[in-house]
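Understanding the architecture of this molecule
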Amino acid sequence: KGEVMPWELIEEAIKAKHPYKVFDVRSMLAVPYFEKALYEMPEDQLTPDSILELAKKIENEIQGGRAGRPLMSVPHILSDESSCYYHGYVLAEMSVQQTRAHFMQRYGFLVDNPAVGKDLTE
């Protein structure tokens, strides 16, 4: 009906989800770290078991343990035409967060702010 969402609901959602956002970024970071380690592995050591062990090692190092989405289930790793793409998602997420922080600091709000669009087009 066009009513404004109460701040209490927004605040509750932020408090519930924000502390866990870092896990999303770490999950994304694990993919390029795994690919790098995999491509640096000597060819004579490439076996199904060594690749699975490497995935577990990277998950533990980057994510602090096994994740809800196993590293080897990321299709980018298994497909040659999309290998090494995942770092782009990490960079895009960083860019979004930095841009958001910039405009929040500059203007204090983003939604329906004509100055943001103007700045982005310049």
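Below, the structure is looked at part by part. (Residues numbered from 1 in each chain as written. Predicted model: local features only at pLDDT ≥ 70, side-chain atom pairs only at ≥ 80, totals over all residues. Heavy atoms only, no water.)

Here we look at the overall build of the chain
When helices and strands are counted, the chain shows six helices and zero strands. When the elements of the chain are put in sequence order from the N terminus, they spell out α-α-α-α-α-α. Relative to the compact-globule value of 14 Å for 122 residues, the chain shows a C-alpha radius of gyration of 20 Å, a clear excess of over 25%. Seen through its C-alpha atoms, the chain measures out along the principal axes to roughly 60 × 35 × 25 Å. Counting every position in the chain, which comprises 122 residues, the buried fraction comes to 24%. In the chain, the share of contacts with a sequence separation of at least 24, taken over all contacts with a separation of at least 6, comes to 41%. For the chain, the distance from the average position of its 13 positive side-chain charges to the average position of its 19 negative side-chain charges is 6 Å. (Helix = DSSP H or I, 4+ residues; strand = E, 2+ residues; numbered from the N terminus. Rg over C-alpha atoms; globule rule 2.2 N^0.38 Å. Buried < 20%, exposed > 50% of the residue type's maximum accessible area, 1.4 Å probe, protein only. Contact = heavy atoms within 4.5 Å. Lys, Arg positive; Asp, Glu negative; His and termini not counted. Charge placed at Lys NZ, Arg CZ, Asp CG, Glu CD.)

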